[in-house]
Amino acid sequence: MNYIEELRNDKYCLHDSIVAKAEFVNHKLELTFSDGFWETNGHGKMVKQRNGCKIKLNFLIAEDDELNLSFYKETSKKRKALKISEFFTLVNKYGFRICREFRCGFSQQLVLEGNANNGKYILVTQEIVSIEYEFDDD
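Definitions and cut-offs
Residues numbered from 1 in each chain as written. Predicted model: local features only at pLDDT ≥ 70, side-chain atom pairs only at ≥ 80, totals over all residues. Heavy atoms only, no water. Buried < 20%, exposed > 50% of the residue type's maximum accessible area, 1.4 Å probe, protein only. Helix = DSSP H or I, 4+ residues; strand = E, 2+ residues; numbered from the N terminus. Pairing = 2+ DSSP bridges. Phe/Tyr/Trp six-rings, centres within 6.5 Å; stacked < 30°, edge-to-face > 60°. Contact = heavy atoms within 4.5 Å.

A.B. asks: I'd like a description of the pairing of strand 11 (residues 109–116), backed by residues and values.
C.D. replies: Of all eight residues in strand 11, six are buried, a share of seventy percent or more. Where strand 10 (residues 96–104) meets strand 11, seven bridges bridge the pair, whose relative direction is antiparallel. Looking across to strand 11, one finds that Cys104 is bridged to Gln109. The hairpin turn running from strand 10 into strand 11, its antiparallel successor, is four residues long, and Gln108 in that turn takes a positive phi close to 55 degrees.

Shown next, in the form of structure tokens:
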């Protein structure tokens, strides 16, 4: 099943999902999940976890993948900027469990905070035009 939405989403939630693979495909950031995202009741309550999940983030500025993303490692004392290639390596090796998801329609941002390999990380995406949700029909 496919569902495309702009950044204002009440239908799906990424909280408690695990990203197993991250890559750029045709200037879209693709996140493939080992533990799928959640379908909600439209008011934020998670009602069903989906299987075979993938999301694709479509950016306003498609020519420069790095321009659309920022990645940080966060400790109790500081936040350190990392390269996007380090995010891909981390996710593809250890997975990335999403603990918090923040969407801002005004600035077209999606911020994902999560854990990987005993560290806390933040992925900030900018200038998102739409998000494509893909999952298996049950």
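A.B. asks: Describe in detail the packing of aromatic side chains, supporting the description with residues and values.
C.D. replies: Centre-to-centre distance and the angle between the planes together describe a pair of aromatic rings. Applying the stated criterion across every chain, the model contains 13 aromatic pairs. On the basis of an interplanar angle of 10 degrees and a centroid distance of 5.4 Å, the ring pair of Phe71 and Tyr121 is categorised as stacked. Pair noted here: Phe71 is in strand 8 (residues 69–74) and Tyr121 is in strand 12 (residues 119–125), with a separation of 50 residues, a long-range link. Accessibility expressed as a relative area gives 2% for Phe71, which makes it buried. The class of Tyr121 is buried, set by a relative accessible area of 7%. Put simply, the rings of Tyr3, Tyr12, Phe33, Phe37, Tyr133 and Phe135 touch in pairs and so form one group of aromatic residues.

A.B. asks: Now, about the side chain of Glu113: what can you tell me, with residues and values included?
C.D. replies: In this fold, Glu113 is placed in strand 11. Residues in contact with Glu113, not counting those within four places in the same chain, are Phe96, Arg97, Ile98, Cys99, Arg100, Lys120, Tyr121 and Ile122.

A.B. asks: A description of the sheet that holds strand 2 (residues 12–13) should follow, citing residues and the corresponding values.
C.D. replies: Read across the sheet, three strands follow the order 2-5-6 without closing on themselves; strand pairing throughout is antiparallel. Of all strands in the sheet, those bounded by a partner on one side alone are strand 2 and strand 6 (46–49). Where strand 2 lies against strand 5 (residues 38–40), two bridges are found, and the strand directions are antiparallel. Residue pairing across strands places Cys13 opposite Trp38, the latter belonging to strand 5.

Honestly, it's all geometry; don't read function into it.
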